Amino acid sequence: MSGQDTEDFGAGNLSEKSRMLPSLPPYDMDDQLLPRERRSTWCCLAWTLLVTTVNLLVFLMNLLLMFVIFTIVLLPTIVVVYFGFQCHSQVLHSAAHYCKSFLDDNSSSALIILGFVIMSPLIVVAMAIYCSLARRLRLFLCFQPYSRAVYKGVKWCWHEEGGLCRCARGWNTQVKAWV
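Residues numbered from 1 in each chain as written. Predicted model: local features only at pLDDT ≥ 70, side-chain atom pairs only at ≥ 80, totals over all residues. Heavy atoms only, no water.

Peer 1: Would you explain the overall build of the protein in this entry?
Peer 2: A count of helical and extended segments in the protein gives 8 helices and 0 strands. Moving toward the C terminus, one meets the helices and strands of the protein in the order α-α-α-α-α-α-α-α. By residue count, 21% of the 179 residues in the protein fall in the buried class. The contacts of the protein with a sequence gap of at least 6 include a subset with a gap of at least 24, amounting to 70%. Summed over its atoms, the accessible surface of the protein is roughly 13300 Å², and 68% of this surface lies on carbon and sulfur atoms. (Helix = DSSP H or I, 4+ residues; strand = E, 2+ residues; numbered from the N terminus. Buried < 20%, exposed > 50% of the residue type's maximum accessible area, 1.4 Å probe, protein only. Contact = heavy atoms within 4.5 Å. Areas by Shrake-Rupley, 256 points an atom, 1.4 Å probe, with all protein chains shown as cover.)

Peer 1: Which parts of the structure should I look at to understand the environment of Leu114?
Peer 2: Position of Leu114 among the secondary structure elements: in helix H6 (residues 105–137). Using a relative accessible area of 42% as the deciding quantity, one classes Leu114 as partly exposed.

Peer 1: Is there a simple way to think about helix H3 (residues 41–73) in this case?
Peer 2: At 3.6 residues per turn, the α-helix brings residues three or four places apart onto the same side. Taking 1.5 Å as the rise per residue, H3 with 33 residues should run 48 Å; its terminal C-alpha atoms sit 47 Å apart, in good agreement. Of all the residues in H3, the buried ones are Cys44, Val51, Val54, Asn55, Val58, Asn62, Ile69, Phe70 and Val73. (Expected span 1.5 Å × (residues − 1).)

Peer 1: Please clarify how the side chain of Gln86 should be interpreted in this entry.
Peer 2: Secondary-structure assignment places Gln86 in helix H4 (residues 75–87). Residue Gln86 is classed as buried on the basis of its relative accessible area of 11%. Polar side-chain contacts of Gln86 include one of 2.9 Å to the side chain of Tyr98. (Polar contact = N/O pair within 3.5 Å; in protein donor to acceptor, adjacent residues only side chain to side chain.)

What follows is the structure, given as structure tokens:
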């Protein structure tokens, strides 16, 4: 640009530091339609219900996955605490054979304490497994923005990026997550 062109845009009063800042990235017309056209009231309501349903299904899928992972990882704790409470004489005092022959009150108390002690590291392991699996499947990117309901022409987020879990795109190996 010549000096006259920068003066036309009012750039003469900018400081030297602001001139060194990079400019805005080029605008891509394929990403969205300009100007975005608003939907009618009833159409907006229908799309809002659809987007809410999709987001609710994604949330329930995440919740189910978390429940399954936590149940599997915490199963040893659940079993140990269950047998500890079942065989203790002041809690349930079961008449089962293993309670009478193997577990007295002291060993039942030890099982209860052991179960609660190993629960903390197993919760951390379960959360690490869930976070790594959710990151690998990119489940949090499946939530849809509500701008889909208000404006026409907004694309589904997972459609552009290679499917529901974006498996069609190459993996970015430079991204590291610490859990």
